[in-house]
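Examining the three-dimensional arrangement
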Amino acid sequence: MTTYLLAGGGTAGHVNPLLAVADGLRERDSAASVLVLGTAEGLESRLVPARGYELLIVDKVPFPRRPNRQAAAFPGRFRRAIAQVREHIRTHGVDVVVGFGGYASAPAYVAARREGVPFVVHEANAKPGLANVLGARRAAATGVAFDGTPLRGGEVVGMPLRREVIELDRAARRDEAAEYFGLDAARPVLLVFGGSLGAQRLNDALAGSWADILAAGWQLLHVTGERSDLEDPQVPGYAMRRYVDRMDLAFALADLIVSRSGAATVSEISALGIPALYVPYSVGNGEQRLNAASAVAAGAAELLDDETFDGDAVRRIVIPLLGEAERLERMSAAAEQVGTRSGTENVIALVDRALSAADR
């Protein structure tokens, strides 16, 4: 029996691909032992046990960004975290470690190397995090979601995706999706969303342009985020939701998407072959713009600037595209070429390869 230790967490961007791979391993071999390493504070502390996996805890030890008291304490705290993971590896007889970034991954990579256990790295973002940059230097294999990700030995394997996305037949579910959101399956739909918390910039732009979208003959499915106070005009053809727990049905209905460009969002949209206009979040280290680069280069999507995205931009850029059916078809075909639904299987293949090499 093989024992796998999957390390990562903190955010959904790390936890979701980890859980997709965990599910894939368990489905392939029910006798395998699949364990997850994470912190007590991260999103994994709730999602991992709820999915039926044992969560092994490691201390959360952020890399220091500036010289201060925390930086001085970092070496000792990091050594303690490594020791915790080494104990987990020994206690459970771990055969291979798979890291997805986040606080749990860095000590997991070091611990695995010191215990003589092979480890595999998966990086979801086009701009890799520090833990994975360091881990890739000694990894048995490294997979990346996007072409051009600067990681040593990185192989493009795509993103491990949620089962409901992988198995989605958009055409077959369109009628169901239209009924779910109260829209007309026979008319085209623009889907706009800004991630789990919404996006103020996108909401403000739609507040000043939704009527123009409807006038262009399209319907609008707008997921504002739970924190939004945007007023629902409650008009036919405009479905506003604060939160949607059935994004598979939203994707089934979408003929064009305007959204942020988080790694999972870009991967899911491309895998489903949906044309998109991405408005990368301008705060941070620029990873959202890089996440969309492959789709844009392939002709599957276009980039819009966050700073200038408003109602006028919707009327000037988005609405003309709604009338170009052939262009949208070309974008959809390009998305199918750049996206993949086999990210989970591809990562598992890397893990198998690492195990085979270790047995030689």
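A brief look at the structure comes next. (Residues numbered from 1 in each chain as written. Predicted model: local features only at pLDDT ≥ 70, side-chain atom pairs only at ≥ 80, totals over all residues. Heavy atoms only, no water.)

1. Overview of helix H8 (residues 200–207)
The cut-off we apply is this: Under the scheme applied here, a residue whose accessible area is under 20% of the maximum for its type counts as buried, over 50% as exposed, and between as partly exposed, the area being computed with a 1.4 Å probe on protein chains only. Here a strand is any run of E in DSSP of at least two residues, a helix any run of H or I of at least four, and the numbering for each starts at the N terminus. Note that the arc is computed from the directions linking the helix axis to the C-beta atoms. Every residue pair with non-hydrogen atoms within 4.5 Å of one another is taken to be in contact.
Turning to H8, its buried residues are Leu 202, Asn 203, Ala 205 and Leu 206. Buried residues along H8 cover an arc of 165° about the axis, so they all sit on one side. Contacts from the buried residues of H8 go to strand S8 (189–193), helix H9 (210–215), strand S9 (219–223), strand S11 (256–259) and helix H14 (311–322).

2. Observations concerning the packing of helix H3 (residues 69–92) against helix H4 (residues 105–115)
To be explicit about the condition: Axis geometry follows a simple rule: fit a line to the C-alpha atoms, using only the stretch in contact for helices, then measure angles between N-to-C directions, giving values from 0 to 180 degrees. Orientation categories follow fixed angle ranges, with anything under 35 degrees roughly parallel, anything over 145 roughly antiparallel, 65 to 115 roughly perpendicular, and all other angles oblique. Note on convention: the crossing is left-handed when the near helix lies turned anticlockwise from the far helix by less than a right angle, right-handed when the turn is clockwise. Each residue gets one of three labels, nonpolar for Ala, Val, Leu, Ile, Met, Phe, Trp, Tyr, Cys and Pro, charged for Asp, Glu, Lys and Arg, and polar for the others, Gly among them.
Where H3 contacts H4, the axes come no closer than 8 Å and their chain directions differ by 55°. The orientation of H3 with respect to H4, classified from their angle, is oblique. Where H3 crosses over H4, the handedness of that crossing is right-handed. Touching Phe 78, Ala 81, Ile 82, Val 85, Arg 86, Ile 89 and Arg 90 of H3 are Ala 106, Pro 107, Ala 108, Val 110, Ala 111, Ala 112, Arg 114 and Glu 115, all from H4. Its residues assigned to classes, the contact of H3 with H4 comprises 11 nonpolar, no polar and 4 charged.

3. What about the nonpolar core?
Note that soluble globular proteins tend to have their nonpolar side chains buried in a common cluster. The criterion, for reference: Among buried residues, the Ala, Val, Leu, Ile, Met, Phe, Trp, Tyr and Cys ones that are joined through side-chain atoms within 4.5 Å form a nonpolar core.
If you look at the biggest cluster of nonpolar residues, it comprises 42 residues, and the most contacted ones within it are Phe 181, Leu 191, Phe 251 and Ile 257. The set of elements that each furnish at least two residues to this core consists of helix H6 (163–166), helix H7 (170–181), S8, S9, helix H10 (247–253), helix H11 (263–271), strand S12 (276–278) and helix H15 (325–338). With 6 residues, H10 is the single largest residue contributor to this core.

4. Concerning the pairing of S8
Note the threshold: When DSSP finds two or more bridges between a pair of strands, those strands are recorded as paired.
Among the 5 residues that make up S8, 5 are buried, leaving the element largely enclosed by the rest of the structure. Residue alternation in S8 divides its side chains into two sets, Val 189, Leu 191 and Phe 193 and Leu 190 and Val 192, and both sets are buried. Here S8 runs beside S9; their pairing, made up of 5 bridges, is parallel. Bridge pairing links Leu 191 to Leu 221 in S9. Here S8 runs beside S11; their pairing, made up of 4 bridges, is parallel.

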